[in-house]
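Okay, here's what each chain looks like letter by letter:
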Amino acid sequence: MAEENHPHDEQVPATVSRRDRARRMASRAKKSVTRGAAAVTSAPRPAASRRPLRTLVIFSMVGGLIATVGLPAYGAITLPSEEPQTLQQVAAEDAQSLVIASAADADVDAEEPVDLGRESYSATTAEEIEEKKAEEAAAEAAAERARLAAAASTEQEGSSGSTYSVDLSMVAPGSGEVRYPLAGGYTVGDGFLARGGSHMGVDLLTSAGSPIYAVAGGVVRMSQESLGGYGVAVVIDHVINGQSVTTTYGHMTYGSRQVVAGQTVAPGQIIGLVGSTGRSTANHLHLEVAIGGSYVDPWAWVQQNAG
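These lines cover the structure that appears in this document, whether it is placed above or below. (Residues numbered from 1 in each chain as written. Predicted model: local features only at pLDDT ≥ 70, side-chain atom pairs only at ≥ 80, totals over all residues. Heavy atoms only, no water.)

## Some remarks on the overall build of the protein chain
Part 1 of the reasoning: Scanning the protein chain for helices and strands turns up 6 helices and 10 strands.
Part 2 of the reasoning: Counting only residues that meet the buried cut, the protein chain has 23% of its 307 residues in that class.
Part 3 of the reasoning: Summed over all atoms, the accessible surface of the protein chain reaches about 21400 Å², with 56% contributed by carbon and sulfur. (Helix = DSSP H or I, 4+ residues; strand = E, 2+ residues; numbered from the N terminus. Buried < 20%, exposed > 50% of the residue type's maximum accessible area, 1.4 Å probe, protein only. Areas by Shrake-Rupley, 256 points an atom, 1.4 Å probe, with all protein chains shown as cover.)

## Brief notes about a nonpolar patch on the surface
Part 1 of the reasoning: Together, L53, L56, V57 and M61 line one region of the surface with nonpolar side chains, adding up to about 420 Å² of accessible area.
Part 2 of the reasoning: By secondary structure assignment, the location of L56 is in helix α2 (residues 51-76).
Part 3 of the reasoning: Judged by relative accessible area, L56 falls into the exposed class, the value being 53%. (Patch = residues over 30% accessible without salt bridge, like charges linked within 9 Å, V, L, I, M, F, W, Y side chains within 5 Å. Salt bridge = Lys/Arg side-chain N within 4 Å of Asp/Glu carboxyl O.)

## Topic: the environment of A216
Part 1 of the reasoning: When you line up the elements, A216 lands in the loop between β3 (211-213) and β4 (218-224).
Part 2 of the reasoning: For A216, a relative accessible area of 1% puts it in the buried group.
Part 3 of the reasoning: Taking the C-alpha atoms as reference points, A216 and Q269, 53 residues apart in sequence, are found 8.5 Å from one another.

## Concerning unusual backbone geometry
Part 1 of the reasoning: The backbone phi angle of L193 is positive, close to 65 degrees, even though this residue is not glycine.
Part 2 of the reasoning: Among the secondary structure elements, L193 is positioned in the loop between β1 (187-188) and α5 (194-197).
Part 3 of the reasoning: For L193, a relative accessible area of 43% gives the class partly exposed.
Part 4 of the reasoning: In this structure, R195 is a non-glycine residue whose phi angle is positive, near 60 degrees.

## Regarding the nonpolar core
Part 1 of the reasoning: Membership of the largest hydrophobic core comes to 26 residues, with the highest contact counts inside it found for I212, V234, I236, Y249, M252, I271 and W301.
Part 2 of the reasoning: Of all the secondary structure elements, the ones that give two or more residues to this core are β2 (202-205), β5 (232-240), β6 (243-252), β9 (284-291) and α6 (298-305).
Part 3 of the reasoning: At 4 residues, the largest contribution of residues to this core is made by β5.
Part 4 of the reasoning: Leave out the neighbours within four places in its chain, and I271 touches I212, Y213, A214, V234, I236, Y249, M252, S256, R257, Q258 and V259. (Core = buried A, V, L, I, M, F, W, Y, C linked by side-chain atoms within 4.5 Å. Contact = heavy atoms within 4.5 Å.)

In structure tokens form, the structure reads like this:
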């Protein structure tokens, strides 16, 4: 049977041996492999070869995000300053710091340092604090007494319908070493040892605002707006005929005292005005006399010695 001849097939002579035919087929296969390798080399890179590039891009984006978030926070951090700080700044930053310099803030910008020697400050002891409190309390009490005195004086003046008008240069009648405590127009009320022996003086009743005179010359021991049941009172120490004599004048009008403690007075000098302060129910002078510390009948003693 005759063989068909194809135009695309290589014409192989019949005389070619099988060995040559096999060599030619191997050469043809080698060329096909070479052309396939070239095609592979010129083709695009597979996805695996692009992974390092993608990783690099991802790390770059993450770094940018970190920088975007971190830089503003870092910018808000205040680093320690090398500039000098004031005492107020130090105290504000450290609550446990003790800043002692009352005038230091006025000289912060001064070129020379502030001298903080011992003479620039002082300490107050507990005793001084208590003494200061006592002084303040005494001042408040005095102010309250003055207010009460003014109120009582106004009330008394309103009830009498007139104000007191006394010539303070007046002296008690007489010229002796002992004088009467009132000029006249009075009546004797409760006497010495009245009220069951508890009354140690004599009550001389007269109108409010009548002048009261020192019965003798001496030194004022006490002059107070409130002396217990005596009310407004004055106490004077005398030396008469070599004897120590003390006279007490009680129930005076508020604010009428004309002498102070430690003051020297002359016989018959005005020391205050009659009133009804303290434990009293009517305008009168309560007079007491003590000789050598022992109470005596004041009215009998005055009548015997006044001249």
